[in-house]
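Here are the chains, one letter per residue:
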Amino acid sequence: METGLYDSIKTYLRIDDEPRRLRLGVSSGMPTLTFQRRCEMTRSPAFACLFAVWSLSAVTAAPADRPNIVVLFADDMGYSDIGCFGSEIETPNLDRLAANGLRFTHFYNTGRCCPSRASLMTGLYPHQADIGHMAGDIGVRGYRDRLSFEAVTIPEMLGPAGYHTIMTGKWHLGWRDEGCPTARGFDHFYGTRGFVDSYFTVVRRTEVYLNDELVLPITETPVNHLHPEREWYTTDVYTDYALHFIDQVREQDDRPFFLYLAYNAPHFPLHAKPEDVKKYRGRYRDGWGEFRRQRYQKLVELGIVNDNWPLSPLDVPEWDSLSEEQRDDLDFKMALFAAIIDRLDQNIGRVVDHLEQMGELDNTLLVFLSDNGGTKETGLLGIKGETNTVANYQEWGRKGGWTSSYGQGWANLSNTPFRRYKRENHEGGTSAPFIVHWPDGFEARGELRDQVAHLIDLMPTFVDVAEATYPTTHAGHTIQPMQGRSLLPSFTSTETVPRTLYWEHEGNRAIRDGDWKLVGSRNGPWELYNVGDDRTELNDLAGKKAERFQEMKAKWDAWAEEVNVLTPAEFDRTRKEFDEARRKRRSK
Ligand SMILES: [Ca+2]
């Protein structure tokens, strides 16, 4: 990196260490005013322009004992990939959180990166938040390249309630200034506005921002500006900045903070640190079938999976049918994947230790979850599995982009005991391990909760615990109502309440209504399961329960119309027309 840019970032960090907000006329119990002077914090003229108008926002003085809120988000990690959800991968820090908190066994995401992030952030279904597909614009409601302005984000809700708002990691909900994290409520941001396709380098569309300043353009040798002596590795550096921002806001005042730490781990490519890989190399030589059986057994013993739900059949060739060379290669790929999760857990340990040292761990509501299940986007042997092998690891081990992954067999293991994968709406695609830790908030320790829950529930939960108000209007827009329900009652009760949830992504679709689930894959027929009896979706009752089938399909159709779901054919046509129109405009 150029010395000039590095110096300016160091200066930027120093400037940023000063209080960012000036507070005016704080008086107990009365609304008060703050103004932000972000324009003074940057040397970028464009940025200065953008924030040249001081923004006024009402901040309600609130009780001092409201908890900090921390969301730890994993990417492309399956239901059973951590120890407290049945995995052989070592995750002592997450296991400790589970032992001192709760694990939800029926928590759902949307099955894909962008839609899950949109639902989490807004409390809406993805299409309502304009992220029905990925963060790419096709010019119609439901499918834009940034979050809807008829939605508020969690930080836009918590900021006016007096919370500091911090994000580090992968946003993937808008590249442009109007849709970026700082435009959508975050006071502090370090990370990428787009996706992340490399842990060691910065590739196209993964450029790194510190607040609104581009601090790491595309580069093979990114610098960790907080700790230049340490190697830049996403999982580590996202944590470094999260802790930095926490310290920064705590130097300012005692107000609670919201931290959204969106890790890219363990999403491919298989970028792992050598010291972590060492722990796992050679451990997976018994193959995916054996590890699926072991995880299933552990899930049953933990009480997470009911032994009335059989383990779904292996979805890939038997391990023994592979050549010795392939098995060795796949052992190595899974060791890399396990090492990435191990590193993720180590970093979660850093966050927990930091909160503990601050004396704030007990009054922090901390949740951990994943955005979608394990992925088979990668073929049986993983992306470029035939060419990127153990033998030439030095060539691809740090190469960005779609260069390596663990393959469908190990994804089948990640989603144990369920069927199907990321992008799909069967249980393997949409079931997340969900941990809640909040010692001051509830007395239960190490308990399980079987209530059906979804990403849309986080917004109402946080409204509840922050004693905040979910707005009906925001920045001149009417705001859509929250779609979920607060999880707060389930922290202290095992009582289950029937509910109805919906999914759609790329023609994959589902509705869960009580214990019944109607689900279909793109271009495939609807399947009907009683997931109370058969959560692994093995006994399709579509031909036997005609009335229930019709009733649920009608509900899904009505929902799809309400939230502007496009069929795959409509989506393709709309995108083509939009792209053509844009090309014409640009060529004029
Ligand atoms: Ca993902």
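Counting restarts for each chain: residues are numbered from 1 in the order of the written sequence. The predicted nature of this model means local features are confined to residues of pLDDT at least 70 and side-chain atom pairs, given and counted, to a pLDDT of 80 or more, with totals for whole chains, interfaces and linings taken over all residues. Hydrogens and water molecules were not included; the side-chain quantities draw on all heavy atoms of the structure.

Asker: Talk me through the overall build of the protein chain; I want residue IDs and the actual numbers.
Answerer: Scanning the protein chain from terminus to terminus reveals 16 helices and 19 strands. Counting only residues that meet the buried cut, the protein chain has 62% of its 588 residues in that class. Here the analysis covers contacts within the protein chain between residues at least 6 apart in sequence; of these, 72% occur between residues at least 24 apart. As displayed, the protein chain offers around 22,300 Å² of accessible surface, 50% of which is attributable to carbon and sulfur atoms. For helices the rule is a DSSP run of H or I covering at least 4 residues; for strands it is a run of E covering at least 2, with both sets numbered from the N terminus onward. With a 1.4 Å probe rolled over the protein chains alone, any residue whose accessible area is under 20% of its type maximum counts as buried; one over 50% counts as exposed, and the rest are partly exposed. Two residues form a contact once any of their heavy atoms are found within 4.5 Å. Only the protein chains shown count as covering a residue, and every accessible area follows the Shrake-Rupley method with a 1.4 Å probe.

Asker: Lay out the coordination of the calcium ion with the relevant residues and their values.
Answerer: Ideal values differ by geometry: the angle at a metal is 109.5 degrees with four tetrahedral donors, but 90 or 180 degrees with six octahedral donors. Around the calcium ion, the protein contributes the donor atoms D75 (OD), D76 (OD), C113 (SG), D371 (OD), D371 (OD) and N372 (OD1), which lie 2.2 to 2.7 Å from the metal centre. Sites may look incomplete, because water is not among the atoms used; the donor set itself consists of N, O and S atoms within 2.8 Å of the metal (3.2 Å for Na, K and Ca). Irregular is the default label, applied whenever a site is not tetrahedral (four donors, all angles between 85 and 135 degrees) and neither square planar nor octahedral (four or six donors, opposite donors over 155 degrees apart, all other angles between 65 and 115). Viewed at the metal, the six donor atoms of the calcium ion are separated by angles of 51 to 156°, and the geometry they form is irregular. Read in sequence order, the donor residues coordinating the calcium ion give the pattern D-D-x36-C-x257-D-N. Here D76, found in the loop between strand 4 (68-74) and helix 3 (92-99), pairs with C113, found in helix 4 (residues 113-122); they are 37 residues apart in sequence, far enough to count as distant.

Asker: Give a detailed account of the packing of aromatic side chains, specifying residues and quantitative values.
Answerer: Aromatic pairs are defined between Phe, Tyr and Trp rings, using the six-membered ring for Trp, whenever the two ring centres lie within 6.5 Å; interplanar angles under 30 degrees are classed as stacked, those over 60 as edge-to-face, and all others as tilted. Across all of its chains, the model carries 33 aromatic pairs by this definition. The interplanar angle of 75° and the centroid separation of 5.3 Å between the aromatic rings of Y125 and W559 together place this pair among those described as edge-to-face. Note that Y125 is positioned in the loop between helix 4 and helix 5 (154-158) and W559 in helix 15 (residues 546-562), a separation of 434 residues in sequence. Each member of the pair, Y125 together with W559, is buried. Judged by centre distance (6.5 Å) and plane angle (85°), the rings of W438 and F491 are edge-to-face. In this pair, W438 is assigned in the loop between strand 12 (431-437) and strand 13 (447-454) and F491 in helix 14 (residues 488-492), connecting sequence segments 53 residues apart. Overall, W438 belongs to the buried group, its relative accessible area being 9%.

Asker: Can you break down the nonpolar core residue by residue, with the values?
Answerer: Nonpolar side chains tend to gather and get buried jointly when the protein is soluble and globular. Counting residues in hydrophobic clusters, the biggest one holds 80 residues, and the most contacted among them are I82, Y190, I348, F368, W410 and I435. Among the elements that line this core, the one with the most residues is helix 9 (residues 324-358), at 15 residues. In contact with F368, other than residues within four places in its own chain, are L72, A74, M77, I82, L94, L344, I348, P433, F434 and I435. Residues belong to a common nonpolar core when they are buried Ala, Val, Leu, Ile, Met, Phe, Trp, Tyr or Cys residues joined through side-chain atoms within 4.5 Å. F104, Y260, A432 and A468 belong to the second-largest nonpolar core, a separate cluster that totals 55 residues.

Asker: So what's going on with the sheet that holds strand 5 (residues 102-108)? Which residues, and what values?
Answerer: Any two strands with at least two DSSP bridges between them are considered paired. Sheet architecture is open: ten strands sit in the order 9-8-7-6-10-4-11-12-5-13, paired in mixed fashion. Single-partner strands in this sheet number two, and they are strand 9 (213-216) and strand 13. Each strand of the sheet is rotated relative to its neighbour by a mean of 20°, with strand direction disregarded. Pairing between strand 6 (residues 164-170) and strand 10 (residues 257-262): six bridges, direction parallel. In the sheet register, G169 faces strand 10, and the bridge partner there is A262. Axis lines are fitted through C-alpha atoms, for helices just across the contact stretch, and the angle between N-to-C directions can take any value from 0 to 180 degrees.

Asker: Would you mind going over the pairing of strand 19 (residues 526-530) in detail, with residue names and values included?
Answerer: Judged by how many residues are buried, strand 19 sits mostly within the fold: five of five residues are covered. Residues W526, L528 and N530 point to one face of strand 19 and E527 and Y529 to the other, with burial holding for every one of them. For strand 18 (residues 516-520) and strand 19, the ladder comprises five bridges, and the chain directions are antiparallel. Paired with W516 across the strands is N530, a residue of strand 19. With antiparallel pairing between neighbouring strands as the criterion, strand 18 and strand 19 make up a hairpin whose turn holds five residues, including N523 at a positive phi of roughly 65°.

Asker: Just give me the short version of a positive patch on the surface, but keep the residues and values in it.
Answerer: Together, K584, R585, R586 and K588 make up a region of like positive charge exposed at the surface. Inspection of the secondary structure puts R585 in helix 16 (residues 568-587). Residues enter patches when they are more than 30% accessible in relative terms and free of salt bridges; like-charged ones are connected within 9 Å and nonpolar ones (Val, Leu, Ile, Met, Phe, Trp, Tyr) within 5 Å. For salt bridges, the criterion is a side-chain nitrogen of Lys or Arg within 4 Å of an Asp or Glu carboxyl oxygen. Residues scored as positive are Lys and Arg, those scored as negative are Asp and Glu, and His as well as the terminal groups of each chain are ignored. In this description, the location of a charge corresponds to atom NZ of lysine, CZ of arginine, CG of aspartate or CD of glutamate.

Asker: How would you sum up the packing of helix 8 (residues 287-302) against helix 11 (residues 407-414)? Please name residues and give values.
Answerer: Relative orientation of the contacting elements helix 8 and helix 11 amounts to 5°, with a least axis distance of 9 Å. Judged by the angle between their axes, helix 8 and helix 11 are roughly parallel. Across the interface between the two elements, G287, W288, F291, R292 and R295 from helix 8 touch G409, W410, N412, L413 and S414 from helix 11. The residue classification treats Ala, Val, Leu, Ile, Met, Phe, Trp, Tyr, Cys and Pro as nonpolar and Asp, Glu, Lys and Arg as charged. All others, Gly included, are polar. Each residue belonging to the contact of helix 8 with helix 11 can be placed in one class, and the counts come to four nonpolar, four polar and two charged. Oblique is the label for any angle not under 35 degrees, not over 145, and not in the 65 to 115 range, which are roughly parallel, roughly antiparallel and roughly perpendicular in turn.

Asker: Explain the environment of M157 residue by residue, including any values.
Answerer: Within the secondary structure, M157 sits in helix 5. Separated by 313 residues in sequence, M157 and Y470 place their C-alpha atoms 6.3 Å apart. Every residue in contact with M157, bar those within four places of it in the chain, is listed here: M459, F462, V463, A468 and T469.

Asker: Lay out the sheet that holds strand 18 in plain terms, naming residues and giving numbers.
Answerer: Strand order in the open sheet formed by four strands is 16-17-18-19, with antiparallel pairing between adjacent strands. Of all the strands in the sheet, the pair left with one neighbour each is strand 16 (500-505) and strand 19. The sheet shows a mean angle of 10° between the axes of neighbouring strands, taken without regard to direction.

Asker: Would you mind going over the packing of helix 3 against helix 9 in detail, with residue names and values included?
Answerer: Two numbers describe how helix 3 lies on helix 9: the axes approach to 7 Å, and their chain directions differ by 50°. The angle between the axes of helix 3 and helix 9 places the two elements in the oblique class. Side by side, helix 3 and helix 9 meet where P92, N93, L94, R96 and L97 of the first sit next to D345, Q346, I348, G349, V352, D353 and E356 of the second. A per-class count over the contact of helix 3 with helix 9 returns five nonpolar, three polar and four charged.

Asker: Could you give an account of helix 4, naming the residues involved and the relevant values?
Answerer: Of all ten residues that make up helix 4, ten are buried, and the element is covered over most of its length. Every buried residue of helix 4 is accounted for by C113, C114, P115, S116, R117, A118, S119, L120, M121 and T122. Two residues or fewer after helix 4 comes G123, characterised by a positive phi angle close to 75°.

Asker: Give me the pattern of salt bridges: which residues, what numbers.
Answerer: Evaluated as defined, the whole model comprises 53 salt bridges. A salt bridge links K273 to E231; the shortest N-O distance between them is 2.7 Å. With a gap of 42 residues between them, K273 in the loop between strand 10 and helix 7 (274-280) and E231 in the loop between strand 9 and helix 6 (234-252) connect regions that are remote in the sequence. Residue class for K273 comes out buried when judged on its relative accessible area of 7%. Between D320 and R327 there is a salt bridge, and its shortest N-O distance comes to 4.0 Å. Judged by relative accessible area, which is 64%, D320 ranks as exposed. For R327, a relative accessible area of 23% translates into the label partly exposed. Here the salt bridges share partners, and the residues they tie into one network are D76, R112, E377, K422, R423 and E506.

Spatial relationships are all this shows, so hold off on functional conclusions.
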